[in-house]
Amino acid sequence: MRRRAAMGGAEAAVRVDGRTARAERTRAAIVEAHLALISEGDLRPTGERIAERAGISLRTLWTNFKDMETLFEASGAELLRQQDAAFRPISPALPLARRVDAYCRQRARLLQLVAPSARAAQMREPVSGQLRRNRLKHIERVRDEVEHLFAAELEQAGPQRGQVVDALVAASMWPAWSMLRDGLGLGVDQARAVMARTVAALLADVAVR
């Protein structure tokens, strides 16, 4: 009896694990479909189009995600994961000019990675609390990097430190990049050069105080 009960418990655990794995694969397929549609230019994909792309029913989509807000949360987490995978640490021990160059090259690369999703988010952010929360996560990551990478220079800013950090973050985020790329029509290298000039000027201003 005990052996049969143990075997039954093991089989039940396998069934549960199997269902969990299938649910995770389904959720991943939905997120992948959502991001793929956006990357292809469909900046407001409907549930129907996402389900079709993922190869599932609309009912399955809404079984896994109760609404678009929960899907935005999962897609935002996947974007952060992709950025983490593409991120390469920069040594704070490098000379300032090399740090600025490496930082702006990396920011340009990461911003290009999220460009389609950032454009899509801009359209829906006014009515989506989750997209605003996603944006704040990106801002905090950039702020942490700026404070770590340029700690020596920021230490010289005194009471203006917070303002300088805010300026560096603002120069490094999607709205500024969108202005350079979409508003002014600059190529990636040109836009990166403008970002580097801005970041270098902000830090040089601190150094001469």
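So, a few notes on the structure that sits alongside this text. It should be emphasised that the depicted structure is a prediction, and the values quoted were computed from it without experimental measurement.

Section: the packing of aromatic side chains
- Counted by the stated rule, this structure contains one aromatic pair.
- Measuring from centroid to centroid gives 5.6 Å for Tyr103 and Phe150, while their planes differ by 80°, and the two rings are edge-to-face. Of this pair, Tyr103 sits in helix H5 (residues 96-124) while Phe150 sits in the loop between helix H6 (129-149) and helix H7 (151-154), and the two are 47 residues apart along the sequence.
- Classification of Phe150 by relative accessible area gives buried; the value is 0%.

Some remarks on the pattern of salt bridges
- Under the defined criterion, the tally for this structure stands at twelve salt bridges.
- The closest approach of N and O atoms between Glu78 and Arg81, which form a salt bridge, is 2.8 Å. With Glu78 and Arg81 both in helix H4 (residues 68-86) and three residues apart, the pair spans about one turn of that helix.
- Across the salt bridge formed by Glu140 and Arg143, the nearest N and O atoms sit 4.0 Å from each other. Taken together, the residues Glu140 and Arg143, both in helix H6 and three residues apart, mark about one turn of the helix.
- Overlapping salt bridges bring together Glu140, Arg143 and Asp166 as one network.

Conventions used here
Residues numbered from 1 in each chain as written. Predicted model: local features only at pLDDT ≥ 70, side-chain atom pairs only at ≥ 80, totals over all residues. Heavy atoms only, no water. Phe/Tyr/Trp six-rings, centres within 6.5 Å; stacked < 30°, edge-to-face > 60°. Helix = DSSP H or I, 4+ residues; strand = E, 2+ residues; numbered from the N terminus. Buried < 20%, exposed > 50% of the residue type's maximum accessible area, 1.4 Å probe, protein only. Salt bridge = Lys/Arg side-chain N within 4 Å of Asp/Glu carboxyl O.

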